[in-house]
Amino acid sequence: MDVLFLSPGHPSEMPEFVRGLSEVGARVWGIGSEPVAMLPETARRHLSGYLQVPNLWAEDDVVQRVQRWLGDRRPDRVETLAEYSVVLAAKLREALGVSGLRVEQAIAFRDKEKMKQVLDKVKSMGEVDKASKLRTVAALVRTANLIAGSHPLVSGVKAQLDTALKNHDVTV
């Protein structure tokens, strides 16, 4: 599996996520604005490659640079764990044809007013109400999938939740 990982050296915990992905067999390709020599050693050691961009905030420029850098290669995932780069990650997914959170969905998570609108929409669909409080894992998964649109929860997490439901009738 090939994973594009935005800002693999910052914040300070990101190199550990890069390490974790690498240790389970992913090829992790970093994109950031700092020179590779300035990345923490843990990140450098576990990256398969790195693209330094002049400005991570110039999203359209970053998308073009990444497309040129990748050429015909296509990652399986584009990931970020920093809120400030969720829209960039979504733009990269759309440009590269990678599944995951789309731009409209990412904006809903960044823009608090839009987030309230999405949650109001879900609530009006009857999936969430004050009485239910998402009492079951199944309700949590169903609601999370509704909020995220057509993008399901990360398959590994969802599979674990499904197994827990089947084996133990887990509630929260």
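Residues numbered from 1 in each chain as written. Predicted model: local features only at pLDDT ≥ 70, side-chain atom pairs only at ≥ 80, totals over all residues. Heavy atoms only, no water.

## Regarding unusual backbone geometry
Item 1. Put simply, H10 and P11 share a cis peptide bond, and its omega is -5°.
Item 2. Among the structural elements, P11 can be located in the loop between β1 (2-6) and α1 (14-23).
Item 3. With phi around 55°, S7 is a residue other than glycine that occupies positive phi space.
Item 4. Checked against the element boundaries, S7 lands in the loop between β1 and α1. (Helix = DSSP H or I, 4+ residues; strand = E, 2+ residues; numbered from the N terminus.)

## Things to note about the pattern of salt bridges
Item 1. For the structure shown, the criterion picks out 7 salt bridges.
Item 2. Two residues, R19 and E16, come together in a salt bridge whose shortest N-O distance is 2.7 Å. Residue R19 and its partner E16 are both found in helix α1; the two are separated by 3 residues, about one turn of the helix.
Item 3. Taking the relative accessible area as the measure of exposure, E16 reaches 40% and is therefore partly exposed.
Item 4. Between E41 and R45 there is a salt bridge; the shortest N-O distance is 2.5 Å. (Salt bridge = Lys/Arg side-chain N within 4 Å of Asp/Glu carboxyl O. Buried < 20%, exposed > 50% of the residue type's maximum accessible area, 1.4 Å probe, protein only.)

## Digging into the packing of aromatic side chains
Item 1. Within the structure shown, the criterion is met by 2 aromatic pairs.
Item 2. Ring centres of W29 and W69 lie 6.1 Å apart, and the angle between their planes is 75°; this geometry places the pair in the edge-to-face category. Of this pair, W29 sits in strand β2 (residues 27-32) while W69 sits in helix α3 (residues 59-70), and the two are 40 residues apart along the sequence.
Item 3. Taking relative accessible area as the criterion, W29 reaches 16% and is therefore assigned buried.
Item 4. Accessibility expressed as a relative area gives 24% for W69, which makes it partly exposed.
Item 5. Seen from the ring of W29, R73 lies directly overhead, with NZ or CZ sitting 4.9 Å from the centre.
Item 6. When the ring centre of W69 is taken as origin, the NZ or CZ atom of R73, which lies over that ring, is 5.5 Å away. (Phe/Tyr/Trp six-rings, centres within 6.5 Å; stacked < 30°, edge-to-face > 60°. Lys NZ or Arg CZ within 6 Å of the ring centre and 35° of its normal.)

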